[in-house]
Amino acid sequence: MKKIIFITIIGLLIGVSGANAQSFLDKLDKAVNQIDRASKSADKASKTGNKVLSLLGGKDKSADNQTVLQISGIDLAALKNLNGIVESVKGVSATKMKFNAAKSVITVQHSGATEDLLANIQQASKDIFGDEHVTALEEGLIEIQLK
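What comes next concerns the included structure. (Residues numbered from 1 in each chain as written. Predicted model: local features only at pLDDT ≥ 70, side-chain atom pairs only at ≥ 80, totals over all residues. Heavy atoms only, no water.)

1. Comments concerning the overall build of the chain
Assigned secondary structure in the chain consists of three helices and five strands. Listed by position from the N terminus, the elements making up the chain come as α-β-α-β-β-α-β-β. The buried share among the 147 residues of the chain stands at 22%. Counted over contacts in the chain with a minimum sequence separation of 6, partners at least 24 positions apart contribute 60%. (Helix = DSSP H or I, 4+ residues; strand = E, 2+ residues; numbered from the N terminus. Buried < 20%, exposed > 50% of the residue type's maximum accessible area, 1.4 Å probe, protein only. Contact = heavy atoms within 4.5 Å.)

Next comes the structure, spelled out in structure tokens:
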């Protein structure tokens, strides 16, 4: 009889602890679901914000590419002129110019491919350089040798 009572008490304790564990796991699952829903709504809000910005003409900074123009043999006046031309090219959002007598640099933030950027710059600056002056062209880098 003692064995039956002992086994019954053990069974009840295991059943109660199992129910408590299941309750804890249910609460944990509910918290994970809430976090997942919050993450999804934040993603939706971000996408909606990007759509609104694109409709209003705002620029999506994540779509900008950076290309470095390395120009050898250019004087300061011609570099300033070229920088002004690059700034006015379609798709360019910003430029940063550094002058050095040996090799000057213009860093360009733009949308689209580097080849398209070069073609647009060449159309606007035919009097400064042509195809024969381009010594290297790869994604993110254009090297130009003027002299």
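Anyway, onward from the coordinates.
2. Here's the deal with the side chain of glutamine 122
Secondary-structure assignment places glutamine 122 in helix H3 (residues 114-124). Here glutamine 122 is in contact with Phe129, Gly130, Asp131 and Val134, once residues within four sequence places are set aside.

3. Examining a nonpolar patch on the surface
The grouping of Met1, Ile4, Ile5 and Ile9 at the surface amounts to a nonpolar patch, some 460 Å² of accessible area in total. Here isoleucine 5 is to be found in helix H1 (residues 2-55). (Patch = residues over 30% accessible without salt bridge, like charges linked within 9 Å, V, L, I, M, F, W, Y side chains within 5 Å. Areas by Shrake-Rupley, 256 points an atom, 1.4 Å probe, with all protein chains shown as cover. Salt bridge = Lys/Arg side-chain N within 4 Å of Asp/Glu carboxyl O.)

4. Side note on helix H2 (residues 76-88)
Over its 13 residues, H2 runs 19 Å from end to end, which matches the ideal 18 Å to within 8%, given 1.5 Å per residue. Buried within H2 we find Leu79, Leu82, Asn83, Ile85 and Val86. Down the axis of H2, the sector holding all buried residues measures 160 degrees, keeping them to one side. In H2, the exposed positions that point more than 90 degrees away from the buried face belong to Ala77, Lys80 and Ser88. Where H2 is buried, its residues touch strand E1 (65-72), strand E2 (92-98), strand E3 (103-110) and H3. (Expected span 1.5 Å × (residues − 1). Arc of directions from axis to C-beta.)

5. Regarding the pattern of salt bridges
Taken as a whole and judged by the stated rule, the model has one salt bridge. The closest approach of N and O atoms between aspartate 36 and lysine 40, which form a salt bridge, is 3.7 Å. With aspartate 36 and lysine 40 both in helix H1, this residue pair falls four residues apart, about one helical turn.

Honestly, that's just the spatial picture; any functional story needs more than this.
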